Amino acid sequence: MKILVLGGAGYIGSHTVYELIDHGDEVVIFDNLETGHREAVHPKAKFYQGDMRRREDVDRVLDAEQGIDAVIHFAANSLVGESMTDPLKYYDNNLCGTKVFLESMVAHGLDKIVFSSTAATYGETKSIPIKETDTTEPTNTYGETKLSMEKMFKWTGKAHGLRYVSLRYFNACGAHASGQIGEDHSPETHLIPLILQVPGGKRASISIFGDDYPTKDGTCVRDYIHVTDLAQAHILAVRYLMDGGESDIFNLGNGVGFTVNEVVQAARNVTGSPIPAVMEGRRAGDPGTLIASSEKAKKILGWKPQYADLEQIIGSAWKWHSTHPDGYGNVR
């Protein structure tokens, strides 16, 4: 297959590219490098730098690259806090950019897309585990734009025959088994890399926000899914569409929740560092428990996550962070 990966220089996008190439697929990457990294691009992938909000940039790629079978779309701004203080940035990039890209897709006769969505489309759900049929009421602009993007695919599909798969996933984490690529965000907002900044010498302690939730130890519970398992799900979704599958939405998670305290302790076990933790007050809008039901993805896509052990997941992340203390900017 020949796959165009939007945002293929980013965290999850780069891992998906590596898996696609390992499967023998031809990969074209389109990324503006706003949050992605040129160093994360697989040497066997063809790379175009450009912005999906500019039709001429998109047309340049689609005109040059004939025979694209499907698109995987990771290109989006994704910081929840920033989305609340600068919502128009998120509407501009996530929604307007996707609108421009879809216009070009339709004009070029491309009709299959796999979309990197998010559990933030659900908001604060009342049922656990979360199912695809649960109500979607986002509590932040980021989740709202992702939900709106899903609806854009739906209505474009009805008008132009586009078929899509939307993958709503939970806490992406870990790094490639080779240690060649991993997670490098600025600013970093994800729990596991923040914890690992303590043994990495980047911070003195890790903050835990709230110890009075109705959970086993009072700290928030989240579902952590390894980035390579996410990558495999995207490939399975492409093959599902290639085989004639109808447009659909799938959750991706391990179906197992870990408290923040448990994640910190697992990181201590992996790194051998004491990792001091400081208890802070709750953050507004943080639900106590978020766990996914991924039974639909397992049944229809045939997805089988390979990384279920928390210490194994953190170990892969530590392999990357311990050798790349400054991300792609510095290697030990």
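Residues numbered from 1 in each chain as written. Predicted model: local features only at pLDDT ≥ 70, side-chain atom pairs only at ≥ 80, totals over all residues. Heavy atoms only, no water.

Novice: Looking at this model, I keep getting lost on the environment of Asp134. Mind explaining?
Specialist: Position of Asp134 relative to the elements: it lies in the loop between strand 5 (112–118) and helix 5 (141–160). When the C-alpha atoms of Asp134 and Ser273 are compared, they prove to be 40 Å apart, with 139 residues separating the residues in sequence. Once you skip the residues sitting within four places of it in the chain, Asp134 turns out to touch Tyr122, Ser127 and Pro129. Polar contacts involving the side chain of Asp134 include one to the side chain of Ser127, which spans 2.9 Å. (Helix = DSSP H or I, 4+ residues; strand = E, 2+ residues; numbered from the N terminus. Contact = heavy atoms within 4.5 Å. Polar contact = N/O pair within 3.5 Å; in protein donor to acceptor, adjacent residues only side chain to side chain.)

Novice: Which parts of the structure should I look at to understand unusual backbone geometry?
Specialist: Glycine aside, residues mostly have negative phi, and peptide bonds are mostly found in the trans state. For the peptide bond that leads from Ile128 to Pro129, omega is 0 degrees, which places it in the cis range. Inspection of the secondary structure puts Pro129 in the loop between strand 5 and helix 5. We note that Leu33 has phi near 60 degrees; this positive angle belongs to a residue other than glycine. In this fold, Leu33 is placed in the loop between strand 2 (26–31) and strand 3 (46–49). One non-glycine residue, Ile275, adopts positive backbone phi at about 45 degrees.

Novice: How should the packing of aromatic side chains be read in this particular structure?
Specialist: Aromatic ring pairs: the centre-centre distance and the angle between the two ring planes describe each pair. In total, this model carries four aromatic pairs according to the counting rule given. Where Phe153 meets Tyr164, the ring centres are 5.9 Å apart and the plane angle is 35 degrees; that geometry is what we call tilted. Residue Phe153 is located in helix 5, and its partner Tyr164 is located in strand 6 (residues 163–169); the two are separated by eleven residues in the primary sequence. You can call Tyr164 buried: its relative accessible area is 9%. Following the ring pairs from residue to residue traces out a cluster consisting of Phe115, Phe153 and Tyr164. Residue placement shows Arg282 over the ring face of Tyr213; its charged tip is 3.9 Å from the ring centre. Sitting over the ring of Phe250, Lys296 keeps its end group 5.2 Å from the ring centre. (Phe/Tyr/Trp six-rings, centres within 6.5 Å; stacked < 30°, edge-to-face > 60°. Buried < 20%, exposed > 50% of the residue type's maximum accessible area, 1.4 Å probe, protein only. Lys NZ or Arg CZ within 6 Å of the ring centre and 35° of its normal.)

Novice: Explanation requested: the environment of Gln232 in the structure shown.
Specialist: Tracing the chain through its elements places Gln232 in helix 7 (residues 227–242). Overall, Gln232 belongs to the partly exposed group, its relative accessible area being 24%. Remark: the alpha-carbon pair of Gln232 and Glu19, spanning 213 residues in sequence, is separated by 7.0 Å. Excluding residues within four positions of it along the chain, Gln232 makes contact with Glu19 and His23.

Novice: Looking at this structure, how should I read the layout of surface pockets?
Specialist: Rolled over the atoms, a probe sized like a water molecule indicates the empty space that remains. Size it by volume and the second largest pocket reaches roughly 230 Å³. If you go around the second largest pocket, you meet 18 residues; those closest to its centre are Gln197, His321, His324, Pro325 and Gly327. Of all elements in the fold, only helix 6 (191–196) and helix 10 (310–323) reach the threshold of two or more residues within the lining of the second largest pocket. Counting residues per element, the lining of the second largest pocket draws most heavily on helix 10, which supplies three residues. Taken together, the residues that form the lining of the second largest pocket break down as four nonpolar, eight polar and six charged. (1 Å grid on protein atoms, 1.4 Å probe; cavity = no way out; pocket = protein on both sides within 12 Å on 5 of 7 lines; lining within 4 Å. Points joined across faces, edges and corners; volume = space filled by probe spheres on them. Nonpolar A, V, L, I, M, F, W, Y, C, P; charged D, E, K, R; others polar.)

Novice: Explain the nonpolar core here, please?
Specialist: Buried together is how nonpolar side chains tend to be arranged in soluble globular proteins. The biggest cluster of nonpolar side chains holds 35 residues, and the ones touching the most others in it are Ile12, Val27, Val114, Val165, Leu167 and Leu252. Mapped by element, the contributors of at least two residues to this core are strand 1 (2–6), helix 1 (11–22), strand 2, strand 4 (70–73), strand 6, helix 7, strand 10 (248–252) and helix 9 (295–301). A total of eight residues in this core trace back to one element, the largest contributor, which is helix 7. Contacts of Leu252, omitting those with residues within four sequence positions, involve Leu167, Arg168, Tyr169, Phe170, Ile225, Leu230, Ala233, Ala292, Ser294, Ala297 and Trp303. (Core = buried A, V, L, I, M, F, W, Y, C linked by side-chain atoms within 4.5 Å.)

Novice: Looking at this structure, how should I read the side chain of Arg168?
Specialist: Turning to its location among the elements, Arg168 is positioned in strand 6. The buried category is assigned to Arg168, whose relative accessible area is 3%. A distance of 2.7 Å separates the side chain of Arg168 from the side chain of Glu150, its partner in a polar contact.

Novice: Explanation requested: the pairing of strand 1 in the structure shown.
Specialist: Side-chain positions along a regular strand alternate between the two faces of the sheet. With respect to burial, strand 1 is a largely interior element, five of its five residues being buried. Alignment of strand 1 against strand 2, held across five bridges, turns out to be parallel. When the bridges of strand 2 are listed, Lys2 appears paired with Glu26. Taken together, strand 1, helix 1 and strand 2 constitute a β-α-β crossover, and its handedness is right-handed. Pairing between strand 1 and strand 4: four bridges, direction parallel. Of the residues in strand 4, the one forming a bridge with Leu4 is Val71. (Pairing = 2+ DSSP bridges. Right-handed = clockwise from strand over helix to strand, strands pointing away.)

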